[in-house]
Amino acid sequence: MTDELAAADIIAEAAGPKTADPVANGEPEVFSPRLAGSKDMIVTEHVDKWFGDFQALDDVSLRIKEEEIVVILGPSGSGKSTYIRCLNRLEEHDAGRIVIDGIEMNEDVRALQAIRSEVGMVFQQFNLFPHLSVLGNITLGPQKVRHMPKLEAEALAMQLLERVGIPEQADKYPSQLSGGQQQRVAIARALAMQPKIMLFDEPTSALDPEMIKEVLDVMQELAESGMTMIVVTHEMGFAREVADRLVFFDEGALVEQGTPEHFFTNPREERTKLFLSQIL
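In what follows, the accompanying structure is described. Note that the structure is a prediction, hence the values are computed from the model and not measured.

### Describing unusual backbone geometry
Even without a glycine there, the phi angle at Asp59 is positive, about 60 degrees. Along the chain, Asp59 turns up in strand β2 (residues 54-65). Phi at Glu202 takes a positive value of approximately 45 degrees, unusual for a residue other than glycine. Assignment of secondary structure puts Glu202 in the loop between β7 (197-201) and α8 (209-224). On the basis of relative accessibility, which here comes to 17%, the residue Glu202 falls in the buried class.

Okay, here's the thing in structure tokens:
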């Protein structure tokens, strides 16, 4: 499934552990103190995913709390994008358990619709509908899925365009926008569905360097607003400044996790140290 079809599919179908004690058990503190007592928004237990003979996810267990900002790192092919695509079933996991805000992902179409109504996703390649204006891209989901009146959807879209800093682009088409502007429209489109969780799959990887900051600034504002976010990225400055927790994947497995301070100053695993030495 292409990401553009996946974006259309989402629109069409949408309708944990306590804080670790680093002194007691030798583990790094996993959760930010501000998240103490927060409920689990995402629970994945022993999740496996195969593509033919290739195991993309290998026994992945991870809990993410409400309002937590988690950045996932890892080399190409490590399973990080596959993991977040499984969270709204753009990829179907083969084993294990996934629970989103108390809703278990299974074969029930109603459960999938409920999950997709709570999860927004931003892809690498924007995936805007080229035949629709910016305003049309953003209002499509609220009108078709949430049955929002046109004028109300347009008012919401303009509020979101103000939020991402490009209200003057409302009547333009995607081909008339820069890459950074298109990605900000994609973020606004996801937010228009009023999700509780936002997933970002390397949202700046297709952008020219001078356009990256404008997208990261929008993502930082979202993080500060209390949105639960999972971000696959290699933007280390963003990870260090914004993330509550960093998670490192390699060969489909969750190798290490910890706070930014732990990750950047004292990672435990040799594979993590090697990866960081190559990208920092």
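### A word on the sheet that holds strand β5 (residues 103-104)
Spatially, the four strands line up as an open sheet ordered β2-β1-β4-β5, and their pairing is antiparallel. With partners counted over all chains shown, the strands left at the sheet margins are β2 and β5, one partner each. One ladder, built from two bridges, connects strand β4 (residues 95-100) with β5; its direction is antiparallel. Residue Val99 lies in a different strand from β5, and its bridge partner there is Glu104.

### Let's talk about the sheet that holds strand β8 (residues 228-232)
One open sheet holds the six strands; their spatial order is β6-β7-β8-β3-β9-β10, and the pairing between them is mixed. Each of the sheet's edge strands pairs with one partner strand only, and the pair in question is β6 (119-122) and β10 (253-258). Between one strand axis and the next, the sheet turns through 20 degrees on average, direction left out of account. Where β7 and β8 come together, five bridges link them in parallel fashion. Bridge assignment links Asp201 to a residue of β8, and that residue is Val232. Docked against the sheet, α8 engages β3 (69-73), β7 and β8, running at close to 145 degrees with respect to β8.

### A few points about the pattern of salt bridges
Think of it this way: side chains of opposite charge can pair up when their charged atoms draw near. In this structure the tally under the stated criterion is 19 salt bridges. Close ionic contact of Glu91 with Arg85 constitutes a salt bridge, the shortest N to O distance being 3.7 Å. In this structure, Glu91 and Arg85 share a single accessibility class: buried. Taking the shortest distance from any N to any O, the salt bridge between Arg163 and Glu221 comes out at 2.9 Å. One end of the pair, Arg163, is in helix α6 (residues 150-164); the other, Glu221, is in helix α8, with 58 residues separating them in the sequence. When salt bridges with common partners are traced through the structure, they connect Asp40, Glu45, Arg63, Lys65, Arg97 and Glu104 into a single cluster.

Cut-offs applied
- Residues numbered from 1 in each chain as written.
- Predicted model: local features only at pLDDT ≥ 70, side-chain atom pairs only at ≥ 80, totals over all residues.
- Heavy atoms only, no water.
- Helix = DSSP H or I, 4+ residues; strand = E, 2+ residues; numbered from the N terminus.
- Buried < 20%, exposed > 50% of the residue type's maximum accessible area, 1.4 Å probe, protein only.
- Pairing = 2+ DSSP bridges.
- Axes fitted to C-alpha atoms, helices over the stretch in contact; angles between N-to-C directions.
- Contact = heavy atoms within 4.5 Å.
- Salt bridge = Lys/Arg side-chain N within 4 Å of Asp/Glu carboxyl O.

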